[in-house]
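Close look at the chain arrangement
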Amino acid sequence: MGCQNIPCTTCIVECNQISIKAKCDTDYCFMFLVRHCMHCTAAVTVQDELPTFFFSPYEFVNVGMKHMMGKKWRSQFDVVICLSQKPKFFEDKYRVFRRLTRRNTPAYGEVTELKEGEVYCEGNVRDLHRLTGWQPCQILYFGDQMYADLAEPILNQGWHTGAIIRELEHEIELLNSEEYQSNMHVLKELNYLIREVQRLLPDPTAVKFTEQWCLERKQVRTELRTLHASPFCSTFRTHLMPTLFYRRLSRFAEIYTSNLTNLVNYNPSHFRFTPVRQDLPHEIK
């Protein structure tokens, strides 16, 4: 799991095909959204004191939620919204909320509050903040598409964001393999030797060693690339540099994980994740 420092008091996540896990204490609450993970929903638990927000195409999700949580599944959420039509939900301040009737058609009466157990359609983010009292800086919102789900909330709405990256499972499995660890250890040692021998030994002697080690280094790097199943190698790194995908991910998401259920491993009172400091080139001794 990757992360940045997140001081959150409320956490919202959006859901299409549902897998929601919620944990909270009296002051800090979390709600998470993820798509394409319906097999995980059997373990869903939502505590009564947790403000929960459900974003989804209603007719499809209603069938799945009835199967997994029973006919009264809507009572588990404070707000249920369908047909939000992102990014219009975040950009168009004139789209008002409509209450969805039992026939799944919108009623045209004014919506002055978002009630538990009701289903609302359309709407906009400003009215969501106003009608719920949720502050943008208190929201942690998870999605699995960087531009469609995460860009607008973090760049223009002030929400905290998290990303679901399914490719991360394979990446971590590979990083933990014995073969990868062995090659990575050799690569780090070769990099260290190449730097030190040029600093400590006279030029003619250094050239002899560095040429040999550079050839070995190139071979090890090639072996590391071939370990990835994809012809494009790692999703997150190309040799020493992060990929464009990872650069965008670090811009739009403050925390990322392969599966939302990974957060179950953390204590409910663990509401702050801090990143690992990465040395810049001029900081390395």
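Check the entry above for the structure.
Description of the structure in this document. (Residues numbered from 1 in each chain as written. Predicted model: local features only at pLDDT ≥ 70, side-chain atom pairs only at ≥ 80, totals over all residues. Heavy atoms only, no water.)

Our focus in this paragraph is the packing of aromatic side chains. If you walk through the whole model with that rule in mind, you get ten aromatic pairs. Judged by centre distance (6.3 Å) and plane angle (90°), the ring pair of F90 and Y141 falls under edge-to-face. Of this pair, F90 sits in helix α2 (residues 88-91) while Y141 is found in strand β6 (residues 140-143), placing the two residues 51 residues apart along the sequence. On the basis of relative accessible area, F90 is assigned to the buried category, the value being 6%. Ring centres of Y246 and Y256 lie 6.3 Å apart, and the angle between their planes is 80°; on these two criteria the pair is classed as edge-to-face. On the criterion of sequence distance, the pair formed by Y246 in helix α8 (residues 244-252) and Y256 in strand β10 (residues 255-257) is long-range, its members being ten residues apart. Taking the relative accessible area as the measure of exposure, Y246 reaches 24% and is therefore partly exposed. Using a relative accessible area of 16% as the deciding quantity, one classes Y256 as buried. (Phe/Tyr/Trp six-rings, centres within 6.5 Å; stacked < 30°, edge-to-face > 60°. Helix = DSSP H or I, 4+ residues; strand = E, 2+ residues; numbered from the N terminus. Buried < 20%, exposed > 50% of the residue type's maximum accessible area, 1.4 Å probe, protein only.)

The tally for this structure, following the rule as stated, stands at four salt bridges. A salt bridge links R130 to D127; its shortest N-O distance comes to 3.1 Å. One end of the pair, R130, and the other, D127, are both in helix α3 (residues 125-132), three residues apart, so they sit about a helical turn from each other. Ionic pairing is found between R277 and D279, a salt bridge with its closest N-O pair at 4.0 Å. Each member of the pair, R277 as well as D279, is classed as exposed. (Salt bridge = Lys/Arg side-chain N within 4 Å of Asp/Glu carboxyl O.)

Moving on, we come to the environment of E110. Mapped onto the elements, E110 comes out in the loop between β4 (97-99) and β5 (119-122). The exposure class of E110 is exposed, given its relative accessible area of 73%. Separated by 14 residues in sequence, E110 and V96 place their C-alpha atoms 8.4 Å apart.

This paragraph deals with the pairing of strand β3 (residues 79-82). Residue alternation in β3 divides its side chains into two sets, V79 and I81 and V80 and C82, and both sets are buried. Sheet topology places β3 next to β5; three bridges connect them, and they run parallel. Residue pairing for β5: I81 is matched across the bridge by Y120. (Pairing = 2+ DSSP bridges.)

Turning next to the layout of surface pockets. Space inside the second largest pocket adds up to approximately 260 Å³. Lining of the second largest pocket is provided by 14 residues; of these, Y58, R74, T101, R102 and N104 occupy positions nearest its centre. In terms of residue count, helix α1 (residues 58-69) provides more of the lining of the second largest pocket than any other element does, three residues in total. In the lining of the second largest pocket, the residues fall into four nonpolar, four polar and six charged. (1 Å grid on protein atoms, 1.4 Å probe; cavity = no way out; pocket = protein on both sides within 12 Å on 5 of 7 lines; lining within 4 Å. Points joined across faces, edges and corners; volume = space filled by probe spheres on them. Nonpolar A, V, L, I, M, F, W, Y, C, P; charged D, E, K, R; others polar.)

Attention shifts here to unusual backbone geometry. The residue L83 is not glycine, and still its phi comes out positive at about 55°. Among the secondary structure elements, L83 is positioned in the loop between β3 and α2. The exposure class of L83 is partly exposed, given its relative accessible area of 47%. In the Ramachandran plot, E122 falls in the positive-phi region, its phi being about 60° despite a non-glycine side chain. Position of E122 among the secondary structure elements: in strand β5. Look at E122 and you get partly exposed, because its relative accessible area is 32%.

Everything listed here is a matter of geometry and, on its own, says nothing about what the molecule does.
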